[in-house]
Amino acid sequence: MVTKVLKSLFYTIFAFCYASANAYDFQSSGFYFNILSEEDATVEVTSEYEGAMSYAGYIEIPEVVSYGWNSDYTVVAIGDYAFSGCTLDYISLPPTIKRIGNSAFCGCKGLASLSLPEEVDYIGDDAFSNSDIGGNLTILSRCKYVGNGSFFQTNITNLTFEWNYTPNLDNLCRIGDIAFGNCDFLTTVNLHGLFYHFGSNPFMRCDNLTTIDGWGGYTNHEQTQGNLLIDGCIYSFTEKDGIRSLELICCPASMEHFSNPNYYTGIEKKKHVLTSLGSTSFGGCRKITSLDIPNTVEKIGYMSLFLPADEEDNIYRRVNIPESVEEIGDFAFGWFGYNWDIYIHSTKIKNFSSGAVPEGRKFGNVHILYGTKSSFIENNPYVEEGFNVIDDIIDNVDVTANQGEIGEYWATFYSNINHNKVPVGTKVFKVNLTGTTITMSEITDGIVTKGQGIVLKSSSANITMTPNASASADNYSDNSLVGTSTSIANPGNVYVLNYKTETGAGFYKLKDGGTIGANKAYLVYDGPAFACGYFGFDETTGIEMPTIEGNDDTDVELYNLQGRHVQNPTKGFYIVNGKKVFINK
């Protein structure tokens, strides 16, 4: 199925610059003109005839031209296809220009830079596509339309939308589909004010684009619709009952990791929920090798994960499709041969098709993690045309915890396979090591994000972890725990969760030759030697000291208040790691 976005992509890529005849009304000062309005005495620059390439070299368009009996006409527009295919050394546009037509400079060679007049309010589809325009480009405040593919495959390096007056709802600028796509030299975009309507990814396949910047965000008077810039990505939103539903418009093509915008509050303290990946939203983000789509996304749009690759590209890309997803658009994963591993957590997806597939090739693998392979294929009968469908149901993980105080059981856990959720009666904690202080913080949604080591506290010795479609909404960025999926020998400077009668619970240094069990978490400390025996829990955590994962491979050094080493302490105060502790025995 060829959709509007696909048509847009193809007509910009192939730049059909010569599509209509240009009859002209008169010739003056070396230019051809069409009269737009006799009443207003306005004209547009055009060419002699279709595909004429009527102009070359140094061009300076006049502000006013004369025609007929004492009649002066103001030049207010560059007509469709007027300079398409021409070779120009320089062009000067008069300040009276308001409109630049479709394909007006399409395929124009030699024109290395361009200054747009302040009054320009319309830049047509493909206006400058496949031209040599480069350097810094500033689009000024009055422009209300930047057309589909208007600057496609140009040499622009920096793009700025400059607002020199207070924008309002009557002055919103629409940036069209793939407007600046394939601009290989574009590195920065500054969207002052974000007063825009966006088409499909306007910066698709700008491989060196590292920064999309701006301030504020457009909202309508009722604050129920608008745009946001979060972590360098552009979103549109609709708001209902205080919650903003986000659709991803685009991210910089150089981005390597996508940050979940959910629960982002910012200045307005609004709750944000990502519900849709828009058409071509990740288009050209070649550096992404792993993507965990948040478990709030319901729709993955047309070509949203279009990541172009060379024929010999051997990079495998992993995507987790959460249980919330109901719709995957056509060509969502492009139409060239990639090495995809797509993990399907949802049982609600229907009519997921691969799109066009190169003969004799597959896009990759679709792993069915829930339900059955047969039911998935029944709901998505065309998926096997482009993917190998694999029945890869994830099993639960059973964790055995060690008893602490009466009725409490503790363990550490780590998985690099998938996210997991704990059962009722079990809590999840991350651990932060700052200096010689341990702080434990609860993960409130009970989800253990893949690749994160954690501490579990449960009312049962047997903890069943169930696979979860998405990562935790809580922030793990300050988590100091490291994990291992296999049993390993002590790599050095390792501390494991343990309990000793004299000092209570904490992370104790693992002796040389000790081992760390599979799917366990631990700490690494490379600080001063005097602090290398034991790290106790920060009292501010409110966690009672448990008996946990006892291990005779750990050791701790105790000193009395006079600084003498003590091997068999009795009840009283001692120094451990430079901190005063009380031993109750």
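All residue numbers refer to position in the chain's written sequence, counted from 1. Restriction of local features to residues with pLDDT of at least 70 applies here, the model being predicted, together with a cutoff of 80 or more for giving and counting side-chain atom pairs; totals for whole chains, interfaces and linings are based on all residues. The side-chain quantities take in all heavy atoms of the structure and omit both hydrogens and water.

Enquirer: Report on the overall build of the protein, specifying residues and quantitative values.
Expert: Secondary structure elements are defined from DSSP: runs of H or I of at least 4 residues count as helices, runs of E of at least 2 residues count as strands, and each element is numbered from the N terminus. A tally of helices and strands in the protein yields two helices and 48 strands. Split into buried and exposed, the 585 residues of the protein put 53% on the buried side. Counted over contacts in the protein with a minimum sequence separation of 6, partners at least 24 positions apart contribute 59%. To sort residues, take the accessible area from a 1.4 Å probe on protein chains only and compare it with the maximum for the residue type: under 20% means buried, over 50% means exposed, and anything in between is partly exposed. Residue contacts are defined here by distance: any two heavy atoms, one from each residue, within 4.5 Å place the two residues in contact.

Enquirer: Residue-level account of the packing of aromatic side chains, with values.
Expert: In summary, the pairing rule links any two rings of Phe, Tyr or Trp, Trp by its six-membered ring, whose centres are within 6.5 Å, and it sorts them by plane angle into stacked for under 30 degrees, edge-to-face for over 60 and tilted for everything else. Applying the stated criterion across every chain, the model contains 22 aromatic pairs. Ring centres of Tyr24 and Tyr32 lie 4.7 Å apart, and the angle between their planes is 65 degrees; this geometry places the pair in the edge-to-face category. Using a relative accessible area of 10% as the deciding quantity, one classes Tyr32 as buried. Taken together, a centroid distance of 5.2 Å and an interplanar angle of 85 degrees make the contact between Phe258 and Phe282 edge-to-face. Here Phe258, found in the loop between strand S19 (243-250) and strand S20 (271-277), pairs with Phe282, found in the loop between S20 and strand S21 (290-292); they are 24 residues apart in sequence, far enough to count as distant. Comparing Phe258 with Phe282, the two get one shared label, buried. Whether a charge sits over a ring comes down to the Lys NZ or Arg CZ being within 6 Å of the ring centre and within 35 degrees of the ring normal. Its guanidinium or amino end placed over the ring of Phe237, Arg244 lies 4.2 Å from that ring's centre, counting from NZ or CZ.

Enquirer: Any details on the state of the cysteines? Residues and values, ideally.
Expert: Two cysteine sulfurs form a disulfide in these notes if their separation is within 2.5 Å. Applying the stated criterion across every chain, the model contains one disulfide. Sulfur-sulfur distance for the disulfide between Cys233 and Cys251 comes to 2.2 Å. Here the S-S torsion is close to 115 degrees, and the disulfide linking Cys233 with Cys251 is therefore right-handed. Taken together, the residues span a long stretch of sequence, with Cys233 in strand S18 (residues 233-240) and Cys251 in the loop between S19 and S20 at a distance of 18 residues. Each member of the pair, Cys233 together with Cys251, is buried.

Enquirer: Any chance you could break down the sheet that holds strand S31 (residues 419-421) for me, citing the residues and the numbers?
Expert: In spatial order, the strands read S28-S36-S31-S34; together these four strands make up an open sheet with antiparallel pairing. At either end of the open sheet lies a strand with only one pairing partner, and these are strand S28 (397-400) and strand S34 (447-448). Pairs of strands are assigned from DSSP output, requiring at least two bridges between the strands. Across two bridges, S31 lies against S34 in antiparallel orientation. Pairing of Asn420 across the sheet is with Val448, part of S34.

Enquirer: Describe the pattern of salt bridges, and please don't skip the residues or the numbers.
Expert: Definition used for salt bridges: Asp or Glu carboxyl oxygen within 4 Å of a side-chain nitrogen of Lys or Arg. Using the criterion set out here, one finds four salt bridges in the structure. Between Asp80 and Arg99 there is a salt bridge, and its shortest N-O distance comes to 3.6 Å. Linking Asp80 in the loop between strand S6 (72-78) and strand S7 (87-92) with Arg99 in strand S8 (residues 99-100), this pair joins segments that are 19 residues apart in sequence. Residue class for Asp80 comes out partly exposed when judged on its relative accessible area of 26%. Note that Asp207 and Arg286 form a salt bridge whose closest N and O atoms lie 3.3 Å from each other. Here Arg286 lies in the loop between S20 and S21 and Asp207 lies in the loop between strand S15 (196-198) and strand S16 (211-214), a separation of 79 residues in the sequence. Looking at Asp207, the relative accessible area reads 25%, which means it is partly exposed.

Enquirer: Provide a residue-level description of the sheet that holds S18, including the pertinent values.
Expert: Reading across from one edge, S17-S18-S19-S20-S22-S24 is the order of the six strands in this open sheet, with mixed pairing throughout. Of all the strands in the sheet, the pair left with one neighbour each is strand S17 (225-230) and strand S24 (327-328). Where strand S22 (residues 299-300) meets S24, two bridges bridge the pair, whose relative direction is parallel. Paired with Ile300 across the two strands is Ile328, which belongs to S24.

Enquirer: Describe the side chain of Thr426, and please don't skip the residues or the numbers.
Expert: With respect to the element layout, Thr426 can be found in strand S32 (residues 426-434). Of note is the side chain of Thr426, whose polar atom sits 2.9 Å from the side chain of Ser458. Not counting residues up to four positions away in its chain, the partners in contact with Thr426 are Leu456, Lys457, Ser458 and Ile463. Under the rule applied, a polar contact is a pair of N or O atoms within 3.5 Å (in protein, one hydrogen donor and one hydrogen acceptor; residues adjacent in sequence only if both atoms are side-chain atoms).

Enquirer: Got a sec to walk through the environment of Asn201? Specific residues and values, please.
Expert: In this fold, Asn201 is placed in the loop between S15 and S16. When the C-alpha atoms of Asn201 and Gly181 are compared, they prove to be 8.0 Å apart, with 20 residues separating the residues in sequence. If sequence neighbours within four positions are ignored, Asn201 has contacts with Ile178, Ile249, Cys250, Ser279, Thr280, Ser281 and Gly283. Polar side-chain contacts of Asn201 include one of 2.9 Å to the backbone nitrogen of Phe203. Only 3.4 Å separates the side chain of Asn201 from the backbone oxygen of Ser281, close enough to count as a polar contact.

Enquirer: Mind laying out the nonpolar core, listing which residues take part and the relevant values?
Expert: Ile78, Phe83, Phe105, Ile139, Phe180 and Phe203 are the most contacted members of the largest nonpolar core, which totals 59 residues. Once you skip the residues sitting within four places of it in the chain, Phe203 turns out to touch Leu159, Phe180, Leu186, Val189, Leu209, Ile212, Ile234 and Cys250. To qualify as a nonpolar core, a set must consist of buried Ala, Val, Leu, Ile, Met, Phe, Trp, Tyr and Cys residues joined through side-chain atoms within 4.5 Å. Core analysis: the second largest hydrophobic core is formed by 39 residues, Met255, Phe258, Ile321 and Phe376 among them.

Enquirer: Give a description of the environment of Arg317 that names residues and reports values.
Expert: Looking at the element boundaries, Arg317 is found in strand S23 (residues 316-321). Residues Arg317 and Ile288, 29 residues apart in the sequence, show an inter-C-alpha distance of 7.3 Å.

Enquirer: Explain the side chain of Asn490 to me, using residue names and the numbers behind them.
Expert: With respect to the helices, strands and loops of the structure, Asn490 is situated in the loop between strand S38 (488-489) and strand S39 (494-500). One polar contact links the side chain of Asn490 to the main-chain carbonyl oxygen of Leu510, over a distance of 3.0 Å. When residues no more than four places from it in sequence are discounted, the contact partners of Asn490 are Leu510, Lys511, Asp512 and Gly514.

Enquirer: Report on the pairing of strand S14 (residues 188-191), specifying residues and quantitative values.
Expert: Judged by which residues are buried, S14 turns out to be one-sided: Val189 and Leu191 face inward and are buried, whereas Thr188 and Asn190, on the alternate face, are not. The pairing of strand S12 (residues 155-162) with S14 spans four bridges and is classified as parallel. If you follow Asn158 over to S14, its bridge partner there is Thr188. Note that S14 and S16 share four bridges and pair parallel. Within the sheet, the bridge partner assigned to Thr188 lies in S16 and is Thr211.

Enquirer: Describe in detail unusual backbone geometry, supporting the description with residues and values.
Expert: If a residue is not glycine, its phi is most likely negative; likewise, a peptide bond is most likely trans. One non-glycine residue, Tyr81, adopts positive backbone phi at about 65 degrees. Take Tyr81: it is sitting in the loop between S6 and S7. Residue classification places Tyr81 among the buried residues on the basis of a relative accessible area of 15%. Phi angles above zero are rare outside glycine, and Gln153 is one such case at about 55 degrees. Mapped onto the secondary structure, Gln153 falls in the loop between strand S11 (145-146) and S12.

Purely geometric stuff here, so don't read any function into it on its own.
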